[in-house]
Amino acid sequence: YGGGWAHVGNTPLKLFKHFTHEGGIRAPLIVHLPAGFTARNAWCETPVHIVDLVATMEDAAEATHPATYDGHPVLPLEGISLRPLLNQQPVAERPLFVEHESNRMIRKGKWKLVTEAFTAFDNEFTAHQKLLYDMDADPGETTNLVPQNPAKVDELIDEWNAWCTRVGLPAARRIPPLP
(Lines give C-alpha, C1' and ligand atoms only; values in the text may rest on other atoms or scores of the structure.)
Protein backbone atom coordinates (compact mmCIF):
# COMPACT_ATOMS: atom_id res chain seq x y z
CA TYR A 1 0.00 0.00 0.00
CA GLY A 2 2.78 2.44 0.94
CA GLY A 3 2.80 5.95 2.36
CA GLY A 4 1.53 7.69 -0.76
CA TRP A 5 -1.57 5.53 -1.00
CA ALA A 6 -2.06 5.68 2.77
CA HIS A 7 -2.15 9.47 2.51
CA VAL A 8 -4.60 9.35 -0.41
CA GLY A 9 -6.71 6.76 1.40
CA ASN A 10 -7.00 9.13 4.34
CA THR A 11 -8.29 12.05 2.26
CA PRO A 12 -9.24 14.73 3.23
CA LEU A 13 -7.07 14.41 6.34
CA LYS A 14 -3.36 15.18 6.24
CA LEU A 15 -0.94 12.22 6.38
CA PHE A 16 -1.82 8.89 8.04
CA LYS A 17 -1.26 6.74 11.14
CA HIS A 18 2.16 7.21 12.74
CA PHE A 19 2.07 11.00 12.25
CA THR A 20 0.50 13.71 14.43
CA HIS A 21 -1.40 15.53 11.72
CA GLU A 22 -5.14 14.76 11.61
CA GLY A 23 -4.72 11.75 9.32
CA GLY A 24 -2.51 10.16 11.94
CA ILE A 25 -4.49 10.91 15.07
CA ARG A 26 -8.15 11.23 14.11
CA ALA A 27 -10.27 8.11 14.37
CA PRO A 28 -13.97 7.45 14.84
CA LEU A 29 -15.28 6.12 18.11
CA ILE A 30 -18.53 4.22 18.34
CA VAL A 31 -19.83 3.64 21.84
CA HIS A 32 -22.52 1.26 23.03
CA LEU A 33 -23.62 0.87 26.62
CA PRO A 34 -27.21 -0.29 27.01
CA ALA A 35 -29.12 2.16 29.19
CA GLY A 36 -25.81 3.82 29.96
CA PHE A 37 -26.21 7.20 28.27
CA THR A 38 -28.77 9.43 26.60
CA ALA A 39 -27.06 10.25 23.29
CA ARG A 40 -28.44 8.02 20.53
CA ASN A 41 -27.38 8.27 16.90
CA ALA A 42 -25.51 11.45 17.85
CA TRP A 43 -22.41 12.99 16.35
CA CYS A 44 -19.88 14.74 18.59
CA GLU A 45 -16.99 16.91 17.37
CA THR A 46 -15.31 17.39 20.77
CA PRO A 47 -11.67 16.27 20.54
CA VAL A 48 -10.97 13.42 22.94
CA HIS A 49 -8.04 11.06 23.42
CA ILE A 50 -7.56 7.33 23.84
CA VAL A 51 -6.34 8.06 27.38
CA ASP A 52 -9.97 8.99 28.17
CA LEU A 53 -11.22 5.43 27.64
CA VAL A 54 -10.04 3.98 30.96
CA ALA A 55 -11.52 6.90 32.91
CA THR A 56 -14.78 6.49 31.00
CA MET A 57 -14.95 2.74 31.62
CA GLU A 58 -14.17 3.19 35.31
CA ASP A 59 -16.88 5.85 35.54
CA ALA A 60 -19.44 3.69 33.71
CA ALA A 61 -18.62 0.74 35.97
CA GLU A 62 -18.62 2.99 39.05
CA ALA A 63 -15.14 1.68 39.79
CA THR A 64 -12.35 3.49 41.58
CA HIS A 65 -8.96 3.83 39.92
CA PRO A 66 -6.52 1.84 42.05
CA ALA A 67 -3.56 3.52 43.71
CA THR A 68 -1.61 0.24 43.80
CA TYR A 69 -1.71 -3.20 42.21
CA ASP A 70 0.05 -6.20 43.70
CA GLY A 71 2.04 -3.87 45.92
CA HIS A 72 3.17 -1.60 43.08
CA PRO A 73 2.00 1.97 42.51
CA VAL A 74 -0.40 2.55 39.62
CA LEU A 75 0.09 5.68 37.57
CA PRO A 76 -2.70 8.23 37.88
CA LEU A 77 -5.11 8.57 34.98
CA GLU A 78 -4.21 11.04 32.26
CA GLY A 79 -7.71 11.03 30.77
CA ILE A 80 -11.14 12.17 31.83
CA SER A 81 -14.50 10.43 31.76
CA LEU A 82 -16.42 10.99 28.56
CA ARG A 83 -19.75 10.14 30.19
CA PRO A 84 -20.88 13.78 30.05
CA LEU A 85 -20.42 13.74 26.26
CA LEU A 86 -22.38 10.50 26.10
CA ASN A 87 -25.17 12.35 27.87
CA GLN A 88 -24.88 15.31 25.49
CA GLN A 89 -23.17 17.51 28.08
CA PRO A 90 -19.85 19.33 27.57
CA VAL A 91 -16.57 18.25 29.14
CA ALA A 92 -13.96 20.66 30.45
CA GLU A 93 -11.56 21.89 27.81
CA ARG A 94 -8.03 20.64 28.36
CA PRO A 95 -4.92 20.27 26.23
CA LEU A 96 -4.40 16.96 24.45
CA PHE A 97 -0.91 15.62 23.86
CA VAL A 98 0.43 13.02 21.41
CA GLU A 99 4.00 11.83 21.00
CA HIS A 100 4.95 8.98 18.67
CA GLU A 101 8.54 8.38 17.58
CA SER A 102 9.41 12.08 18.04
CA ASN A 103 6.32 13.21 16.12
CA ARG A 104 4.60 15.60 18.53
CA MET A 105 1.28 17.37 18.86
CA ILE A 106 -0.54 19.50 21.40
CA ARG A 107 -4.15 20.49 20.81
CA LYS A 108 -5.62 23.21 23.02
CA GLY A 109 -8.98 24.63 22.06
CA LYS A 110 -8.88 25.58 18.41
CA TRP A 111 -5.07 25.60 18.34
CA LYS A 112 -2.89 22.68 17.32
CA LEU A 113 0.92 22.74 17.35
CA VAL A 114 2.63 19.94 15.41
CA THR A 115 6.21 18.87 14.82
CA GLU A 116 7.01 15.82 12.71
CA ALA A 117 10.32 13.95 12.86
CA PHE A 118 10.76 13.98 9.09
CA THR A 119 10.87 16.36 6.13
CA ALA A 120 7.82 16.09 3.88
CA PHE A 121 8.60 14.60 0.47
CA ASP A 122 7.24 17.77 -1.17
CA ASN A 123 9.13 20.02 1.29
CA GLU A 124 5.85 21.35 2.69
CA PHE A 125 7.59 21.21 6.07
CA THR A 126 10.96 20.14 7.43
CA ALA A 127 11.84 17.80 10.28
CA HIS A 128 10.95 19.33 13.67
CA GLN A 129 9.55 22.51 12.11
CA LYS A 130 6.87 24.03 14.30
CA LEU A 131 3.48 24.12 12.58
CA LEU A 132 0.51 25.93 14.13
CA TYR A 133 -3.04 25.44 12.88
CA ASP A 134 -6.40 26.99 13.74
CA MET A 135 -8.44 23.79 13.65
CA ASP A 136 -11.77 25.66 13.61
CA ALA A 137 -10.86 27.61 10.47
CA ASP A 138 -8.46 25.07 8.89
CA PRO A 139 -9.26 21.44 9.80
CA GLY A 140 -7.26 20.32 6.77
CA GLU A 141 -4.08 21.81 8.29
CA THR A 142 -3.16 23.78 5.18
CA THR A 143 -1.98 27.08 6.66
CA ASN A 144 0.90 27.32 9.13
CA LEU A 145 0.14 30.23 11.48
CA VAL A 146 3.43 30.27 13.43
CA PRO A 147 4.63 33.61 11.96
CA GLN A 148 1.40 35.37 12.95
CA ASN A 149 1.12 33.82 16.44
CA PRO A 150 4.54 33.48 18.13
CA ALA A 151 3.08 34.06 21.62
CA LYS A 152 0.59 31.19 21.14
CA VAL A 153 3.41 28.96 19.88
CA ASP A 154 5.50 29.79 22.96
CA GLU A 155 2.52 29.03 25.24
CA LEU A 156 1.91 25.66 23.60
CA ILE A 157 5.61 24.77 23.64
CA ASP A 158 5.74 25.55 27.38
CA GLU A 159 2.69 23.33 28.02
CA TRP A 160 4.13 20.54 25.86
CA ASN A 161 7.48 20.65 27.65
CA ALA A 162 5.82 20.63 31.09
CA TRP A 163 3.73 17.61 30.07
CA CYS A 164 6.78 15.92 28.52
CA THR A 165 8.67 16.28 31.81
CA ARG A 166 5.71 15.23 33.98
CA VAL A 167 5.07 11.99 32.09
CA GLY A 168 8.77 11.09 31.88
CA LEU A 169 9.51 11.42 28.17
CA PRO A 170 13.20 11.77 27.32
CA ALA A 171 14.50 15.35 27.30
CA ALA A 172 15.14 15.01 23.56
CA ARG A 173 11.37 14.95 23.01
CA ARG A 174 10.95 18.48 24.38
CA ILE A 175 10.23 21.15 21.79
CA PRO A 176 12.85 23.90 21.60
CA PRO A 177 11.61 27.51 21.73
CA LEU A 178 11.18 29.65 18.67
CA PRO A 179 14.40 31.36 17.58
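It should be noted that the structure appears before, not after, this text.
All of these numbers come straight from a predicted model, not from anything done at the bench. (Residues numbered from 1 in each chain as written. Predicted model: local features only at pLDDT ≥ 70, side-chain atom pairs only at ≥ 80, totals over all residues. Heavy atoms only, no water.)

S.K.: Would you mind going over the side chain of R107 with me for this structure?
M.R.: Looking at where R107 falls in the secondary structure, it is placed in strand β4 (residues 103-108). D136 is the oppositely charged side chain nearest to the buried, salt-bridge-free R107, at an N-O distance of 4.6 Å. Among the polar contacts listed, one links the side chain of R107 to the backbone oxygen of G109, at a separation of 2.9 Å. (Helix = DSSP H or I, 4+ residues; strand = E, 2+ residues; numbered from the N terminus. Buried < 20%, exposed > 50% of the residue type's maximum accessible area, 1.4 Å probe, protein only. Lys, Arg positive; Asp, Glu negative; His and termini not counted. Salt bridge = Lys/Arg side-chain N within 4 Å of Asp/Glu carboxyl O. Polar contact = N/O pair within 3.5 Å; in protein donor to acceptor, adjacent residues only side chain to side chain.)

S.K.: Got a minute to help me understand the nonpolar core in this structure?
M.R.: Considering soluble globular proteins, one finds that nonpolar side chains tend to be buried as a cluster. The biggest cluster of nonpolar side chains holds 15 residues, and the ones touching the most others in it are I106, L113, L132, V153, L156, W160 and W163. Contributions of two or more residues to this core are made by β5 (111-115) and α5 (150-167). In terms of residue count, the dominant contributor to this core is α5 (six residues). In this structure L113 touches R104, M105, I106, K130, L131, L132, V153, L156, I157 and I175, once residues within four positions along its chain are discounted. Membership of the second largest hydrophobic core comes to 10 residues, among which are L15, F19, A120 and F125. (Core = buried A, V, L, I, M, F, W, Y, C linked by side-chain atoms within 4.5 Å. Contact = heavy atoms within 4.5 Å.)

S.K.: When you look at the environment of R174 in this model, what are you seeing that I'm missing?
M.R.: Tracing the backbone shows R174 in the segment after α5. Given the relative accessible area of 34%, R174 is considered partly exposed. Apart from the residues lying within four places of it in its own chain, the contact partners of R174 are R104, W160, N161, C164 and T165. Of the polar contacts made by the side chain of R174, one reaches the side chain of T165; its length is 3.1 Å.

S.K.: Got a minute to help me understand helix α3 (residues 52-60) in this structure?
M.R.: For an α-helix the count is 3.6 residues per turn, leaving residues at separations of three or four pointing the same way. Listing the buried residues of α3 in full gives D52, A55, T56 and E58. Along the axis of α3, the buried residues cluster in a sector spanning 165 degrees; they form a single face. Its buried side turned inward, α3 meets α4 (83-86). Just downstream of α3, E62 is the residue with a positive phi angle, here 55 degrees. (Arc of directions from axis to C-beta.)

S.K.: What's the story with unusual backbone geometry in this structure? I'm lost.
M.R.: The phi torsion at E101 lies on the positive side, around 50 degrees, for a residue other than glycine. Note that E101 resides in the loop between β3 (96-100) and β4. At E141, a residue that is not glycine, the phi angle is positive and equals roughly 55 degrees. Position of E141 among the secondary structure elements: in the loop between β6 (131-134) and α5. Judged by its relative accessible area of 0%, E141 falls in the buried class.

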